2 protein chains.
Amino acid sequence: MLRTNLPLLNFIEEYSQQHSGVETRTYTAGQTFIQQGSEITTVQFLVSGITKCYILEENGKDYIFEFLGKGEVVGDIEAIRQEKCLCNITAITEVQTLVIHRSLFNSLLQNYPAFNAMIMQELATRISQTCTRSAYQQLYPVEYALLRVLTLENEQQIFLSKKDLAAYLGITLRSFNRTVKQLRQEKILDAEELQLGISRQALLKILNQFDE
Amino acid sequence: MLRTNLPLLNFIEEYSQQHSGVETRTYTAGQTFIQQGSEITTVQFLVSGITKCYILEENGKDYIFEFLGKGEVVGDIEAIRQEKCLCNITAITEVQTLVIHRSLFNSLLQNYPAFNAMIMQELATRISQTCTRSAYQQLYPVEYALLRVLTLENEQQIFLSKKDLAAYLGITLRSFNRTVKQLRQEKILDAEELQLGISRQALLKILNQFDE
DNA sequence: TCCGTAAAAGGACAATTGTCCCAATTCTTT
DNA sequence: AAAGAATTGGGACAATTGTCCTTTTACGGA
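What you are looking at is a predicted structure, and each value in this text was computed from that prediction instead of being measured. (Residues numbered from 1 in each chain as written. Chains lettered and ligands numbered in written order. Predicted model: local features only at pLDDT ≥ 70, side-chain atom pairs only at ≥ 80, totals over all residues. Heavy atoms only, no water.)

J.: Kindly report on helix α4 (residues 113–139) of chain B, identifying the contributing residues and their values.
T.: Between its first and last C-alpha, α4(B) extends 39 Å over 27 residues, near the 39 Å set by a 1.5 Å rise per residue. Most of α4(B) sits out of view: 19 of its 27 residues are buried. (Helix = DSSP H or I, 4+ residues; strand = E, 2+ residues; numbered from the N terminus. Expected span 1.5 Å × (residues − 1). Buried < 20%, exposed > 50% of the residue type's maximum accessible area, 1.4 Å probe, protein only.)

J.: Can you explain the relation of the copies chain B and chain A? Please cite residues and give values.
T.: Superposing chain B onto chain A requires a rotation of 180 degrees together with a translation of 0.0 Å along the rotation axis, leaving an RMSD of 0.0 Å. On the angle and the small slide along the axis, the relation comes out as a two-fold axis. When you check the interface residues of chain B against chain A, 100% turn up at the interface there too, and the contact is symmetric in its surfaces. (Least-squares fit on C-alpha atoms with pLDDT ≥ 70 in both. Contact = heavy atoms within 4.5 Å.)

J.: Before we move on, could you go through the protein's contact with DNA strand D and cite the residues and values that matter?
T.: Within the structure, DNA strand D sits among 16 residues, and R174(A), V142(B), T172(B), S175(B) and R178(B) are positioned closest to it. Within the side chain of S175(B), one N or O atom sits 2.3 Å away from a phosphate oxygen of DNA strand D. A distance of 2.7 Å is found between a base nitrogen of DNA strand D and a side-chain nitrogen or oxygen belonging to R178(B). When residues of the surface near DNA strand D are traced back to their parent elements, those giving at least two are α6 (162–169) and α7 (173–185) of chain A together with α7 (173–185) of chain B. For the surface near DNA strand D, the element with the highest residue contribution is α7(A), accounting for 5 residues. Split into classes, the residues belonging to the surface near DNA strand D amount to 4 nonpolar, 4 polar and 8 charged. (Near = heavy atom within 4 Å. Polar contact = N/O pair within 3.5 Å; in protein donor to acceptor, adjacent residues only side chain to side chain. Nonpolar A, V, L, I, M, F, W, Y, C, P; charged D, E, K, R; others polar.)

J.: Outline α7(A), listing residues and values.
T.: All names here are of chain A. Helix length check: α7 (13 residues) gives 19 Å between terminal C-alpha atoms against 18 Å at 1.5 Å per residue, within 8%. Taken residue by residue, α7 has F176, T179, V180 and L183 as its buried positions. Down the axis of α7, the sector holding all buried residues measures 100 degrees, keeping them to one side. (Arc of directions from axis to C-beta.)

J.: Any details on unusual backbone geometry? Residues and values, ideally.
T.: All names here are of chain B. Located in the positive-phi region is Q82, a residue other than glycine, with phi close to 50 degrees. With a relative accessible area of 58%, Q82 lands in the exposed category. The backbone of Q157 sits at a positive phi, close to 55 degrees, despite the residue not being glycine. Among the structural elements, Q157 can be located in the loop between α5 (142–155) and α6 (162–169). Overall, the relative accessible area of 53% leaves Q157 in the exposed class.

J.: Go over the packing of aromatic side chains with me, naming the residues and quoting the values.
T.: All told, the structure shown has 19 aromatic pairs over all chains when counted by the stated rule. Judged by centre distance (4.0 Å) and plane angle (10 degrees), the ring pair of Y27(A) and F33(A) falls under stacked. Here the two residues Y27(A) and F33(A) agree in accessibility, since each one is buried. Ring centres of Y63(B) and F65(B) lie 5.2 Å apart, and the angle between their planes is 90 degrees; this geometry places the pair in the edge-to-face category. The exposure classification of Y63(B) matches that of F65(B), with both residues buried. In textbook terms, an aromatic cluster arises when at least three aromatic residues are bridged by ring pairs, as seen for F11(A), Y15(A), F45(A), F105(A), Y112(A) and F115(A). (Phe/Tyr/Trp six-rings, centres within 6.5 Å; stacked < 30°, edge-to-face > 60°.)

J.: Hey, could you go over the pairing of strand β4 (residues 42–48) of chain B for me, with residue numbers and the actual values?
T.: All names here are of chain B. Taken across its 7 residues, β4 has 6 buried, putting it largely inside the fold. As paired elements, β4 and strand β9 (residues 95–101) share 6 bridges and run antiparallel to each other. Residue pairing across strands places S48 opposite Q96, the latter belonging to β9. Looking at chain direction, β4 and strand β7 (residues 73–74) are connected through 2 bridges and run antiparallel. Looking at β7, one finds that F45 is bridged to V73. (Pairing = 2+ DSSP bridges.)

J.: Help me get a handle on the protein's contact with DNA strand C, residues and values and all.
T.: Close to DNA strand C lie 15 residues; V142(A), S175(A), R178(A), K162(B) and R174(B) are nearest. Considering DNA strand C, the proportion of its atoms within 4 Å of the protein that are sugar or phosphate atoms stands at 51%. T172(A) has a polar side-chain atom sitting 3.1 Å from a phosphate oxygen of DNA strand C. One of the side-chain N or O atoms of S175(A) is found 2.3 Å from a phosphate oxygen in DNA strand C. Elements that contribute at least two residues to the surface near DNA strand C include exactly α7 of chain A together with α6 and α7 of chain B. The element contributing the most residues to the surface near DNA strand C is α7(B), with 4 residues. Residues belonging to the surface near DNA strand C are distributed by class as follows: 3 nonpolar, 4 polar and 8 charged.

J.: I'd like a rundown of the interface of chain B and chain A, residues and numbers included.
T.: In this assembly, 36 residues from chain B lie in contact with 36 residues from chain A. Here chain B packs against chain A, burying approximately 3,200 Å² in sum over the two surfaces, 66% of which is carbon and sulfur. On the surface where chain B and chain A come into contact, there are 7 residue pairs in polar contact (both at pLDDT 80 or more). Mapped onto the side of chain B that touches chain A, the elements with two or more residues apiece are β6 (62–68), α2 (76–81) and α4 of chain B. Split into classes, the residues belonging to the side of chain B that touches chain A amount to 17 nonpolar, 12 polar and 7 charged. (Buried area = accessible area lost by both parts, 1.4 Å probe.)

J.: Tell me about the sheet that holds strand β5 (residues 51–56) of chain B, and name the residues and values.
T.: Taken together, 5 strands build an open sheet; the order of strands is β1-β6-β5-β8-β3 (chain B) and the sheet is mixed. Every interior strand has two partners, whereas the edge strands, β1 (2–3) and β3 (32–34) of chain B, have only one. Pairing of β5(B) with β6(B) involves 6 bridges; the strand directions are antiparallel. Paired with I55(B) across the strands is Y63(B), a residue of β6(B). The strands touched by helix α4 (residues 113–139) of chain A are β5 and β6 of chain B; relative to β6(B), the strand with the most contacts, the crossing angle is about 135 degrees. α4(B) rests against β1 and β6 of chain B of the sheet, and its axis sits at about 135 degrees to β6(B). (Axes fitted to C-alpha atoms, helices over the stretch in contact; angles between N-to-C directions.)

Put into structure tokens, the structure is as follows:
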């Protein structure tokens, strides 16, 4: 849910100590620093903070693909495919990044096998996770996906707005609230059955945060 | 919708003429030649035919990620991440493939920059397309996605079962039929508004195939 | 040729989800 | 401190989608 990639961050940090061409940037919470459809010529690596990566359609609805954390890259796909941005990236907390030019990114890919392998790994992981997640969301009732997301949020100790969680699940805020309420009251589904790796007790605790 | 990758196929075919380690296989229509969750040690390139790539959950429902055609790879993600299969691959028509061992795939990645770049490109494209598609399906009413899919099917001159189309759209067969009927009868949405790059006339024609 | 199976189409009803509200609470910011 | 703007929670109703079931047609094998 909140993806990270520490090895990648290590690589870039080390590289930046020995070479030029790497810049530091800081964004404040709420700032959208990459806009879908716009031209982009840089690749950025998240050093700290949390961002959301999402598509916003003309009808005002948005769909969040991922929450990105430490070590994750943005702009890589666009650099490889030489195309315009496909997603928006907005800082949820304050965010610090390391920025390199697209051309440097591509030359790193060619000249540093270790870097190449890490990016290859990163892309493969993204595909794998995206597949698993979208299948899960399509094929199971919302309750299941919702419980999973809340569990993950809890595990990783991050705090996201309800609105963002709903957008991540591909449902409306209203549906989100409704489902949480239902789960809190009625029968909680079997934690085992859900394969969440969490006890029924812990689940209840998470849900009751909403009661306060 | 039906993805292909001719450059990649060219590369592998040329390689196979000069080296050993590449085998040919044929699968009959309907055959599932890669099973989710199973161990796999090969990577395959589609030479001819059409396959579907999907996840099947225990509740019997399935979700199709992509239809794969000429030049597409399967098993690559698994080779890169060294993990079990995440999807099922089933031949829709008769299918021919070129098979290489996982270790050969990885050594090609390391020793042939051109191959490396092609795979990098392929992964980036998959991510890009997956993002666009899943956002589209989440954020617009089914009619829109359905029309788009039918248009694509028509353009590419492929023929898929209604069941597969529904699984691709993440809806039930019943919903699929219902929506087609509605569109056929009532107002067809503006073709321009949909940005399908197809005229209203042509759309009607496609929908009326169902009437016959 | 006949049978069994799969694909296609749709009726009827139940369940889910979205839309449009409104109210309470918590922030920012001036 | 007060005003305005988000965030959260939920009622009421409409629209959409799923489930279950039946019918018709098409197709391949015995």
